[in-house]
Amino acid sequence: MIDTLLTKINTHPKIIFLVDGLGALLTTLLLLGILIPLQEFFGMPKNILIILSLIALAFAVYSFCCYFFLERNWKPFLFGISIANFFYCCLTLSLVYCCFAELTGLGVTYFLLELMVVMGLVMMEWKLIKAENMLS
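Report follows, based on the coordinates.

About the cut-offs
- Residues numbered from 1 in each chain as written.
- Predicted model: local features only at pLDDT ≥ 70, side-chain atom pairs only at ≥ 80, totals over all residues.
- Heavy atoms only, no water.
- Helix = DSSP H or I, 4+ residues; strand = E, 2+ residues; numbered from the N terminus.
- Contact = heavy atoms within 4.5 Å.
- Core = buried A, V, L, I, M, F, W, Y, C linked by side-chain atoms within 4.5 Å.
- Buried < 20%, exposed > 50% of the residue type's maximum accessible area, 1.4 Å probe, protein only.
- 1 Å grid on protein atoms, 1.4 Å probe; cavity = no way out; pocket = protein on both sides within 12 Å on 5 of 7 lines; lining within 4 Å.
- Points joined across faces, edges and corners; volume = space filled by probe spheres on them.
- Nonpolar A, V, L, I, M, F, W, Y, C, P; charged D, E, K, R; others polar.
- Patch = residues over 30% accessible without salt bridge, like charges linked within 9 Å, V, L, I, M, F, W, Y side chains within 5 Å.
- Areas by Shrake-Rupley, 256 points an atom, 1.4 Å probe, with all protein chains shown as cover.
- Salt bridge = Lys/Arg side-chain N within 4 Å of Asp/Glu carboxyl O.

## A look at the side chain of Thr27
With respect to the helices, strands and loops of the structure, Thr27 is situated in helix H2 (residues 15-35). Once you skip the residues sitting within four places of it in the chain, Thr27 turns out to touch Ala56, Tyr88, Tyr110 and Glu114.

The following block contains the structure:
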């Protein structure tokens, strides 16, 4: 299934920036609109949630700019956001570890699901970069 999606994206590679941007925007909205107002149900401190939401918002802006303004030579930009997403996952995992005593089961579940989704995107981005490198 991922290979089929990659084949479709490979014909229009800028779409991956749209997917990335929408995902980052969704993360921002979830953090600001649900996790912060209902912080007691998730357990992650509000200041950390604000920082994570600002990072996600910056990623969304970057990805949307790449989608709308890049005409060619998209690989370095995709590599950049994939590395940023990877480090976002590392940061999130570190924060879950450090704040584990404060997190509720719902909080741990949210962050682990988010990690799985973002790492899935990172792996798709790396496969796309690798496939494109073989073609060029």
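Read on, since the account is not over.
## Topic: the nonpolar core
One broad trend across soluble globular proteins is that nonpolar side chains are buried collectively. The biggest cluster of nonpolar side chains holds 31 residues, and the ones touching the most others in it are Phe17, Leu31, Met44, Leu78 and Phe111. Among the secondary structure elements, those contributing two or more residues to this core are H2, helix H4 (46-69), helix H5 (75-98) and helix H6 (105-135). Here this core gets seven residues from one element, more than from any other, and that element is H6. Once you skip the residues sitting within four places of it in the chain, Phe111 turns out to touch Leu31, Leu35, Met44, Leu49, Leu52, Thr92, Val96 and Leu103.

## Examining the layout of surface pockets
Reported here for the largest pocket is a volume of approximately 400 Å³. What lines the largest pocket is a set of 20 residues, and nearest its centre among them are Gly23, Thr27, Glu114, Val117 and Val118. Here the lining of the largest pocket gets eight residues from one element, more than from any other, and that element is H6. Taken together, the residues of the lining of the largest pocket sort by class into 14 nonpolar, four polar and two charged.

## Some points on a nonpolar patch on the surface
Residues Leu22, Leu25, Leu29, Ile50, Leu54, Leu57 and Val61 make up a contiguous nonpolar surface patch of about 610 Å² in total accessible area. Ranked by residues supplied to the nonpolar patch, first place goes to H4 with four residues. Mapping Ile50 onto the fold places it in helix H4. Given a relative accessible area of 41%, Ile50 falls into the partly exposed group.

## So, unusual backbone geometry
Negative phi characterises most residues that are not glycine, and trans characterises most peptide bonds. The phi dihedral of Asn73 is positive, around 55°, even though this residue is not glycine. Structurally, the position occupied by Asn73 is in the loop between H4 and H5.

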